[in-house]
Amino acid sequence: MSKIHIKKDDKVIVLAGDDKGKTGKVLKVLVAKNRAIVEGVNIVSKSTKPSAKHPQGGIIKQEAPIHISNLSLIDPKSGKPTRISVKHEGKNVVRIAKKSGEEIK
């Protein structure tokens with residue numbers, strides 16, 4: 001299993017697929033499946049029965065997981081897609097954008 005370079009609350013851009021070029025915030029990372037759920041990306045329609053949460057039922061739109069190989073972090077300085085490097089500072093691990101050298105929070 002490969003390392004996950006994306007974490008929750010990261011700003012990412014979609015590199016491939018129907019939503020190519022869209023950006024959004026990562027809502028959840030599914031580590032076991034190498035997928036992430038990104039806000040406003042890969043929207044699917046889902047039929048639901050009436051419940052306490054959705055008393056009317058019907059069709060709802062929601063985000064579906066997208067493979068992390070199709071996502072890239074957005075450089076905090078330039079706003080363009082970037083790869084990351086990992087730097088160890090004692091016991092802390094810091095992610096750094098390759099394009100600008102900025103630390104990714």
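Note that this is a predicted model, so its numbers are computed, not measured.

Novice: How should unusual backbone geometry be read in this particular structure?
Specialist: Glycine aside, residues mostly have negative phi, and peptide bonds are mostly found in the trans state. Positive phi is not limited to glycine here, since D9 has a value of about 75°. For D9, the location among the structural elements is in the segment before β1 (11-14). Classification of D9 as partly exposed rests on a relative accessible area of 47%. A positive phi angle, close to 60°, is found at N42, a residue other than glycine. You can see N42 is positioned in the loop between β3 (35-38) and β4 (43-48).

Novice: Looking at this structure, I do not really get the layout of surface pockets. What am I missing?
Specialist: In this approach, a probe sized like a water molecule rolls over the atoms, and the result shows the empty space that is left. Roughly 210 Å³ of volume is contained in the largest pocket. Taken together, K3, I4, H5, K7, I84, V86, V93, V94, R95, E103 and I104 make up the lining of the largest pocket. Secondary-structure elements contributing two or more residues to the lining of the largest pocket are β9 (84-89), β10 (92-97) and β11 (103-104). Residue contributions to the lining of the largest pocket peak at three residues, all from β10. Here the residues of the lining of the largest pocket are counted per class, giving six nonpolar, one polar and four charged.

Novice: What am I meant to see in the side chain of D19 here?
Specialist: Structurally, D19 is set in the loop between β1 and β2 (23-30). Beyond its immediate chain neighbours, meaning those up to four positions away, D19 contacts V14, V41, N42 and I43.

Novice: Even after reading the chapter, I still don't get the nonpolar core, so can you show me in this structure?
Specialist: One recurring pattern in soluble globular proteins: nonpolar side chains tend to sit buried together. By size, the foremost hydrophobic cluster in this structure holds 14 residues, and its most contacted members are I6, V12, V26, V38, I66, L71 and L73. Those elements that place two or more of their residues in this core are β1, β3 and β7 (71-74). Those residues in contact with L73, other than ones at most four positions away along the chain, are H5, I6, D10, K11, V12, K80, P81, T82, I84, R95 and I104.

Novice: I keep staring at the sheet that holds strand β8 (residues 81-82) and nothing clicks. Help me out?
Specialist: Strands belonging to one sheet form pairs held by backbone hydrogen bonds; the direction of such a pair is parallel or antiparallel. With antiparallel pairing, the six strands of this open sheet are ordered in space as β6-β3-β2-β1-β7-β8. At either end of the open sheet lies a strand with only one pairing partner, and these are β6 (66-67) and β8. For β1 and β2, the ladder comprises three bridges, and the chain directions are antiparallel. Looking at the pairing, K11 lines up with K25 of β2.

Novice: It is not clear to me how the pattern of salt bridges should be interpreted in this structure. Could you clarify?
Specialist: As enumerated under the stated definition, the model contains three salt bridges in all. Here K25 and D9 are joined by a salt bridge, their closest N and O atoms 3.9 Å apart. Residue K25 is found in strand β2, and its partner D9 is found in the segment before β1; the two are separated by 16 residues along the sequence. For the salt bridge of K22 with D19, the shortest nitrogen-to-oxygen distance reads 3.2 Å. Look at K22 and you get partly exposed, because its relative accessible area is 40%. Overall, the relative accessible area of 15% leaves D19 in the buried class.

Thresholds applied
Residues numbered from 1 in each chain as written. Predicted model: local features only at pLDDT ≥ 70, side-chain atom pairs only at ≥ 80, totals over all residues. Heavy atoms only, no water. Helix = DSSP H or I, 4+ residues; strand = E, 2+ residues; numbered from the N terminus. Buried < 20%, exposed > 50% of the residue type's maximum accessible area, 1.4 Å probe, protein only. 1 Å grid on protein atoms, 1.4 Å probe; cavity = no way out; pocket = protein on both sides within 12 Å on 5 of 7 lines; lining within 4 Å. Points joined across faces, edges and corners; volume = space filled by probe spheres on them. Nonpolar A, V, L, I, M, F, W, Y, C, P; charged D, E, K, R; others polar. Contact = heavy atoms within 4.5 Å. Core = buried A, V, L, I, M, F, W, Y, C linked by side-chain atoms within 4.5 Å. Pairing = 2+ DSSP bridges. Salt bridge = Lys/Arg side-chain N within 4 Å of Asp/Glu carboxyl O.

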